[in-house]
Amino acid sequence: MGEGQIEGRGTARALYEAGNTEGAKRILGRLLEKNPDDYLSADLMVETLLNEGEAKAALEYCDNWLSRHPNAVGMHVHRFSALAKLGRKREMASSLQRFQKNFPHEQGSISMMELILDAKKGKQNSVRKRIEEQLGEVHSPELIRVKAIALHNLNDLFEADFYLSQAIEHYPNDAELLSAMATNRFQIGRLASARKFAARSLAADPTKRRMAFLSRMTWLFYYPSCYFMLIAMSAGVFLWARVNKLVALVSYMILFSLVKGAITLSFFPLIILLGISTTRAVTLFTAIAVLAYFFVVMDQFFKAVFGRKKTIKLKKY
């Protein structure tokens, strides 16, 4: 492989990590025109597409590559990730079965694909068991990152926070990690820290619009009643991740009843100021806080409502 190819790929990687994905794709496109079988460039192209949220384009690219190179293990893994982002659980399951049959020695990839599929199906107990069995004590940066994201997706807030902190030390400009940390810090009530990580995530990837929304919403949750609700809701999702579902539900109901009085009392200044009935005001303000919480925490919920793609002007290469 020529030095120009290696240098071009290095430049594309640098642009990708700097957030200039369009520039990275242009360079990778030119490299692949010269050498259509350059796997490393193709791998980075798919990674870029997935990072941009272009899962459908990434899937098509993987299918095209695998039609010519059916034994490219990494591209099969990328294809599975694209299917996961598209929410195609049946295709994920069939893809996993084929991968297990054709590449039985790739146990690491198989385990991670099983983990992702279980998570997509909502099998949290199975996911937690797999994490504990396969990622108990992790030391390599890549596995620390995997465990951090997995725990965050499970809403295991405090253990996720620990591993996210470690992962970010190794990958300080990883937009996905920074976004997960910002969300996690928001959920545990560390609002100033959440804004800091949201800003870093946006700097790494300006297309992550939910992070801008998170930064604004942190100010709403400084209001005492909203903060109480934030902690109560986060405690609920944490309990749901850690204990039996029935126990979690009962515990959450008890917890919410305990903070309900404090929430109502904290709303009194706004009730008096606006001159509306207590019941209506509490219902209205509670609904606003709950919706804001789920928009901040759930990326799919946010994209479903604010899914319009925003044009980001980046410096051309």
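Before reading on, note that the structure itself is shown above.
The rules behind the values
Residues numbered from 1 in each chain as written. Predicted model: local features only at pLDDT ≥ 70, side-chain atom pairs only at ≥ 80, totals over all residues. Heavy atoms only, no water. Helix = DSSP H or I, 4+ residues; strand = E, 2+ residues; numbered from the N terminus. Buried < 20%, exposed > 50% of the residue type's maximum accessible area, 1.4 Å probe, protein only. Contact = heavy atoms within 4.5 Å. Areas by Shrake-Rupley, 256 points an atom, 1.4 Å probe, with all protein chains shown as cover. Phe/Tyr/Trp six-rings, centres within 6.5 Å; stacked < 30°, edge-to-face > 60°. Lys NZ or Arg CZ within 6 Å of the ring centre and 35° of its normal. Polar contact = N/O pair within 3.5 Å; in protein donor to acceptor, adjacent residues only side chain to side chain. Expected span 1.5 Å × (residues − 1). Axes fitted to C-alpha atoms, helices over the stretch in contact; angles between N-to-C directions. Parallel < 35°, antiparallel > 145°, perpendicular 65-115°, else oblique. Left-handed = near helix turned anticlockwise from the far one by under 90°. Patch = residues over 30% accessible without salt bridge, like charges linked within 9 Å, V, L, I, M, F, W, Y side chains within 5 Å. Salt bridge = Lys/Arg side-chain N within 4 Å of Asp/Glu carboxyl O. Lys, Arg positive; Asp, Glu negative; His and termini not counted. Charge placed at Lys NZ, Arg CZ, Asp CG, Glu CD.

A.B. asks: How do you make sense of the overall build of the chain when you look at a structure like this?
C.D. replies: Check the secondary structure of the chain and you find 17 helices and 0 strands. The burial tally for the chain puts 43% of its 317 residues in the buried class. Here the contacts in the chain between residues at least 6 apart in sequence split such that 57% fall between residues at least 24 apart. Roughly 17,000 Å² of accessible area belongs to the chain as shown, and the carbon and sulfur atoms make up 59% of that amount.

A.B. asks: Hey, could you run me through the packing of aromatic side chains in this one?
C.D. replies: The description of an aromatic ring pair rests on the distance of the ring centres and on the angle between the ring planes. In total, this model carries 9 aromatic pairs according to the counting rule given. For the pair tyrosine 39 and tryptophan 65, a centre-to-centre distance of 6.0 Å together with 55 degrees between the ring planes defines the contact as tilted. Residue tyrosine 39 is found in helix H3 (residues 39-51), and its partner tryptophan 65 is found in helix H4 (residues 55-68); the two are separated by 26 residues along the sequence. You can call tyrosine 39 partly exposed: its relative accessible area is 28%. Arranged with centres 5.1 Å apart and planes meeting at 85 degrees, the rings of phenylalanine 162 and tyrosine 163 form a pair that is edge-to-face. Among the aromatic residues, those joined into a cluster by ring pairs are Phe186, Phe221, Tyr293 and Phe294. Above the ring of tryptophan 219, the side-chain terminus of arginine 195 is found at 4.0 Å from the ring centroid.

A.B. asks: Please explain the side chain of asparagine 184 as it appears in this structure.
C.D. replies: With respect to the helices and strands, asparagine 184 occurs in helix H11 (residues 175-187). On the basis of relative accessible area, asparagine 184 is assigned to the buried category, the value being 0%. Side-chain polar atoms of asparagine 184 contact the backbone oxygen of leucine 157, separated by 2.9 Å. In contact with asparagine 184, other than residues within four places in its own chain, are His152, Leu157, Ala160, Asp161 and Leu164.

A.B. asks: What am I meant to see in helix H7 (residues 107-120) here?
C.D. replies: Because the α-helix completes a turn every 3.6 residues, residues three or four places apart line up on one side. With 14 residues, H7 should cover 20 Å at 1.5 Å per step; its first-to-last C-alpha distance of 20 Å lies within 8% of that length. Within the span of H7, buried status applies to Ile110, Ser111, Met113, Glu114, Leu115, Leu117 and Asp118.

A.B. asks: Would you take a moment to explain the packing of helix H12 (residues 191-204) against helix H13 (residues 209-220) for this structure?
C.D. replies: A pair of packed helices is captured by two measures, namely the crossing angle of their axes and the spacing between those axes. One can describe the packing of H12 onto H13 by two numbers: an axis separation of 9 Å at closest approach and a directional angle of 160 degrees. As judged from the angle between their axes, H12 and H13 are roughly antiparallel. H13 is crossed by H12, and the crossing has left-handed handedness. Between H12, through Leu191, Ala194, Arg195, Ala198, Ser201 and Leu202, and H13, the contact on the second element is made entirely by Met211, Ala212, Leu214, Ser215, Thr218 and Trp219.

A.B. asks: Mind showing me how you'd approach the environment of lysine 56 here?
C.D. replies: With respect to the helices, strands and loops of the structure, lysine 56 is situated in helix H4. Between the C-alpha atom of lysine 56 and that of leucine 86, which follows or precedes it by 30 residues, the distance is 7.3 Å.

A.B. asks: Before we go on, may I ask you to explain a positive patch on the surface in this structure?
C.D. replies: A surface patch of positive charge is lined by Lys85, Lys89, Lys120 and Lys121. Examined against the element boundaries, lysine 121 turns out to sit in the loop between H7 and helix H8 (124-134). Of the residues examined, lysine 121 reaches a relative accessible area of 42% and is grouped as partly exposed.

A.B. asks: What should I look at first to understand the environment of alanine 55 in this one?
C.D. replies: One can find alanine 55 in helix H4. For the pair formed by alanine 55 and alanine 84, sequence separation is 29 residues and the distance between their alpha carbons is 8.8 Å. Look past the residues within four positions of alanine 55 in its chain and what remains in contact with it is Leu49, Leu50, Ala82, Lys85 and Leu86.

A.B. asks: Looking at this model, I keep getting lost on the environment of leucine 164. Mind explaining?
C.D. replies: Position of leucine 164 among the secondary structure elements: in helix H10 (residues 157-170). Among the residues examined, leucine 164 registers a relative accessible area of 0% and is labelled buried. When sequence neighbours within four positions are dropped, the list of residues in contact with leucine 164 reads Ala148, His152, Leu177, Ala180, Met181 and Asn184.

A.B. asks: I tried to follow the pattern of salt bridges on my own but got confused; where do I start?
C.D. replies: Close approach of charged atoms allows side chains with opposite charge to pair. By the definition in use, this model includes 10 salt bridges. For arginine 13, the salt bridge is made with glutamate 47, and the minimal N-O distance between the two is 3.3 Å. One end of the pair, arginine 13, is in helix H1 (residues 3-17); the other, glutamate 47, is in helix H3, and 34 residues separate them in sequence. For arginine 88, the salt bridge goes to glutamate 91, with nearest N and O atoms at 3.7 Å.

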